[in-house]
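A closer look at the structure
This is what each chain is made of:
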Protein chains: 2
Amino acid sequence: MISVIILGAGNVATHLYKAFKKAENISVKQWYNRNIKSLNGYKNKVDVTDDFSKLKDADIYIIAVSDDAVSNVSSKIPFENKLVVHTSGSVNVHDLDKKHKRGVLYPLQTFSKSTNLNFLDIPICIETIDKKDYHTLKSLATSISNTVKKVNSNQRQVLHLAAVYVNNFTNQLYRIGHEITESEGAEFDLLKPLIQETARKVQELSPYMAQTGPAKRNDKKTIKKHLKLLKSEHHLNIYNLLTESIQKTHGR
Amino acid sequence: MISVIILGAGNVATHLYKAFKKAENISVKQWYNRNIKSLNGYKNKVDVTDDFSKLKDADIYIIAVSDDAVSNVSSKIPFENKLVVHTSGSVNVHDLDKKHKRGVLYPLQTFSKSTNLNFLDIPICIETIDKKDYHTLKSLATSISNTVKKVNSNQRQVLHLAAVYVNNFTNQLYRIGHEITESEGAEFDLLKPLIQETARKVQELSPYMAQTGPAKRNDKKTIKKHLKLLKSEHHLNIYNLLTESIQKTHGR
Ligand SMILES: NC(=O)c1ccc[n+]([C@@H]2O[C@H](COP(=O)([O-])OP(=O)(O)OC[C@H]3O[C@@H](n4cnc5c(N)ncnc54)[C@H](OP(=O)(O)O)[C@@H]3O)[C@@H](O)[C@H]2O)c1
Ligand SMILES: NC(=O)c1ccc[n+]([C@@H]2O[C@H](COP(=O)([O-])OP(=O)(O)OC[C@H]3O[C@@H](n4cnc5c(N)ncnc54)[C@H](OP(=O)(O)O)[C@@H]3O)[C@@H](O)[C@H]2O)c1
C-alpha cells in the first residue's frame, strides 16, 4: 500500500484524486489546498486541510499546483527526506525544495475538471533525482496508468513543447477553421468528423505517411484558389507558413 | 430505387461504392475506370468497364476522379440531360460539361482505400445547378449519410479551405511534434492520447472555449523556455506565428 497526499485542487489534482481512489494499492491520506472551499465536496471522503502544519505523514506528496507555485509549496511541506513530486511538464525538478527526495510525475494529457478521462490511457512520464526513489514512484504511476515512461528532464521538456504543437496549436487551427466557415455562413460542425479522423489516422500511421492535400501534392491551382479566398492576412500567413512546412517535409 | 454509375476507382470512388452497396434503395449499375485493372477485384459483383461508349443508362453519374480530370471525363459521358455530379470540394460545378444536368456531392472527410469508415457519419455537402435535380441528389446522399447539407459553391470552397487547416495543417503539426520528440530521444507515441483528446474536446466545446496553454495564459516564462529549446528555425517560426494567433484570438 502506498500512501499519498495531494496538494492543489485544480484540474490535475482532481483527476489524480479520482484515479488514486480507484486504484487498489493506493490510499489518499490527505488532500491539501490553500483554499479549503474547493475541497468541500470531498470532505466526507478524505481528510482535507488548508494548513501546512497539519500535513500528515505519507509515502509520497504530490504537488499539483500552478507552475509558479510549485517551488514555494514544496518548501512549506513541514518534513524532510520525504518523496515529493510535482506534475508539471516544464518546471525543473530542482525547483522543488532540496530538503526533500525529489521527482516528477507528469501526466501527458489535457485536463479539465468537467471532462471524464480514463487515467489508465494517459501516459505518465516519471523522473526522480535519486535512483532509489524511482521504484516507489513507478509503483504509484503503474497503479493508475497503463503507460508509464522514465524520462529525463530534457525529454520531459521536449514532450511538453511538442504537446503545445499537437494540442494548443492544433486547437488554434480548429479555431481558424471555425472563423473561416462561420464568416461565410458555412457550418463548422461539418468539419468535426474530419477533425476526429485526422487525429485517429496518426494513431496507426506516422504523420508523414498520413499527409494528403494540395500542399503535399503541390497542387498550385488549388493553392492559388485558397489564397484568393482568404480574407484575413493572419489566416493567410498561417496558410503560407504551413504549406511551406509541408512542402519542406515532403521534399517539394 | 436510384441507379448510379461511378466513374473513377480511387479512394472516394471505392468508399462510395461500398456505401452504395449497403444502402437499400440504391443500385450501382456500372463502375467505370480508365484503367480496368483497378476494378478487377469487383468484376464479379458489378458490371465494370473502361469504355465510355459502353456506359449504360442510369439516374446519376458520379465522377470521382482527380480534380483536373473531372471536366474531361464529364464531356466523354455519351449522354445528354443526365444528372452528373462530381465529388470535389474545390472544382467548380460549371466545369462539368453543360450538356448534362449538373451537381456536386462532396463528402467532407479524408479517405484512403485502406481505412474503414462508416459513411453514415460522414457529412455530405450537395449542390445542383437546377433546383429540379436537388431532390434526387438529396435522396441519394441521405441513403448513405446521416448528415446531408445543401451548400452553395462558395460555402463548399470555404469548407474545403477550412478542411485544409483542420486536416492537412493539423497533421503537419503532428509531424513537427514527431520531429521534436524523436530528435531528443523522446517518444512521439506518448503524444497520441493527447492528440485524440484534443480532437474529441472540440466535438463538444468550441475551439475558443477548449483552448489552454502558455500562449493563451500569456505565460512568458514557459514561452521563453520553449523558444530556447527549439533548434530549427522553421519550428520556431511556426511557434511564434501560432502563439501570436492564439493571443490575437484571446485578446492578449
Ligand atoms: N491542466 C493540464 O492539462 C495539465 C496537464 C499536465 C500537467 N499539468 C500541470 O499540473 C499542475 C497543476 O495544473 P492544473 O491545470 O491542475 O492547475 P489549475 O487547475 O489552475 O489549479 C491550480 C491549483 O494550484 C493552486 N495554487 C495556485 N497558486 C498557488 C499558490 N501560490 N499557493 C498554493 N496553491 C496555489 C490553486 O489553488 P486555489 O484552488 O486556491 O486557487 C489550485 O488548486 C501544473 O504544474 C501544470 O503544469 C497540467
Ligand atoms: N481523397 C479524399 O480524401 C477526398 C475527399 C473529398 C473529396 N475528394 C475528391 O474526390 C475526387 C477523387 O479523389 P480521390 O482521392 O478518390 O482520387 P484518387 O484516389 O487519386 O483517384 C483518382 C481517380 O481518378 C482517375 N483519373 C485520374 N486522372 C484521370 C484522367 N485524366 N482520366 C480519367 N480518370 C482519371 C484515376 O484513374 P486510375 O485508377 O486509372 O489512375 C483514379 O481512379 C477528387 O475530385 C477529390 O477532390 C477526395
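Starting from 1, residues in each chain are numbered consecutively following that chain's sequence as written. As they are written, the chains are lettered A onward and the ligands numbered 1 onward, keeping that order. Side-chain atom pairs in this predicted model are given and counted only at pLDDT of 80 or more, local residue features only at pLDDT of at least 70, and totals for whole chains, interfaces and linings cover all residues. Here the side-chain values reflect all heavy atoms present in the structure, with hydrogen atoms and water set aside.

1. Remarks on helix H1 (residues 11–22) of chain A
Every α-helix winds through 3.6 residues per turn, so residues three or four apart in the chain are directed the same way. Residue and element names in this part refer to chain A. What counts as a helix is a DSSP run of H or I of at least four residues, what counts as a strand is a run of E of at least two, and both are numbered from the N terminus. In a helix, the anticipated span is given by 1.5 Å times the number of residues less one. In this model, H1 (12 residues) spans 17 Å end to end at C-alpha, consistent with the 16 Å of a helix rising 1.5 Å per residue. Taken as a whole, H1 has its buried residues at Ala 13, Thr 14, His 15, Leu 16, Tyr 17, Ala 19 and Phe 20. Every residue pair with non-hydrogen atoms within 4.5 Å of one another is taken to be in contact. Against the buried residues of H1 lie strand E1 (2–7), strand E2 (26–32), strand E4 (60–63), strand E6 (101–107) and helix H3 (134–142). Only protein chains enter the accessibility calculation, which uses a 1.4 Å probe; a residue whose area is less than 20% of its type maximum is buried, one above 50% is exposed, and one in between is partly exposed.

2. Notes on the domain arrangement of chain A
Residues and elements named next belong to chain A. Splitting chain A by domain gives domain 1 (2–151) and domain 2 (156–249). On the domain 2 side, the residues contacting the 14 residues of domain 1 number 6 residues. The quantity reported as buried area is the accessible area (1.4 Å probe) lost by two parts once they are put together, taken as the sum for both. Summing both partners gives a buried area of about 730 Å² for domain 1 against domain 2, and 55% of it is carried by carbon and sulfur. The term salt bridge refers to a side-chain nitrogen of Lys or Arg lying within 4 Å of a carboxyl oxygen of Asp or Glu. For the pair domain 1 and domain 2, the interface holds 1 salt bridge. For the salt bridge of Glu 127 with Arg 156, the shortest nitrogen-to-oxygen distance reads 2.8 Å. Whenever two N or O atoms come within 3.5 Å, that pair is a polar contact, provided that in protein one can donate a hydrogen and the other can accept it, and provided that, for residues adjacent in sequence, both atoms are side-chain atoms. On the surface where domain 1 and domain 2 come into contact, there are 4 residue pairs in polar contact (both at pLDDT 80 or more). Listing elements by their share of the side of domain 1 that touches domain 2, those giving two or more residues are E6 and strand E7 (124–128). Residues that form the side of domain 1 that touches domain 2 fall into these classes: 7 nonpolar, 6 polar and 1 charged. The source of the domain bounds is an automatic or database domain assignment. Amino acids are sorted into nonpolar (Ala, Val, Leu, Ile, Met, Phe, Trp, Tyr, Cys and Pro), charged (Asp, Glu, Lys and Arg) and polar (every other residue, Gly among them).

3. Here's the deal with the interface of chain A and chain B
Across the boundary between the two partners, chain A contributes 89 residues, which contact 89 residues of chain B. If you sort the residues of chain A by the area they bury against chain B, Tyr 165, Val 166 and Leu 190 of chain A come out on top, with a joint share of 9%. Our count for the contact surface shared by chain A and chain B stands at 4 salt bridges. The residue Glu 187 of chain B makes a salt bridge to Lys 149 of chain A at a minimum N-O spacing of 3.3 Å. Remark: the boundary between chain A and chain B carries 35 residue pairs in polar contact (both at pLDDT 80 or more).

4. Here we look at the side chain of Asn 33 of chain B
All names here are of chain B. Tracing the backbone through its elements, the reader meets Asn 33 in the loop between strand E2 (26–32) and strand E3 (48–49). Polar side-chain contacts of Asn 33 include one of 3.0 Å to the backbone oxygen of Asn 35. Ignoring any residue separated from it by four or fewer positions in sequence, one finds Asn 33 in contact with Gly 8, Ala 9, Ser 38, Leu 39, Thr 49 and Asp 50.

5. Section: a nonpolar patch on the surface
A cluster of nonpolar side chains, contributed by Leu 205, Tyr 208 and Met 209 of chain A, occupies part of the molecular surface with about 290 Å² of accessible area. Here Tyr 208 of chain A is to be found in helix H6 (residues 207–210). Patch construction takes residues with relative accessible area above 30% that form no salt bridge. Like charges are linked within 9 Å, and nonpolar side chains (Val, Leu, Ile, Met, Phe, Trp, Tyr) are linked within 5 Å. Every accessible area reported is derived by Shrake-Rupley at a probe size of 1.4 Å, with residue values counting cover from the shown protein chains alone.

6. Brief notes about the site of ligand 1
Residue and element names in this part refer to chain A. Near ligand 1 you find 22 residues, and of these Ala 9, Val 12, Arg 34, Asp 67 and Phe 111 are the closest. Asn 11 places a main-chain nitrogen or oxygen 2.9 Å from an oxygen atom of ligand 1. Contact distances for ligand 1 include 2.9 Å between an oxygen atom and a backbone N or O atom of Phe 111. The protein chains hide 73% of the 900 Å² of surface that ligand 1 would expose on its own. Counted by class, the shell around ligand 1 contains 9 nonpolar, 11 polar and 2 charged residues. When at least one non-hydrogen atom of a residue lies within 4 Å of a molecule or strand, that residue is treated as near it.

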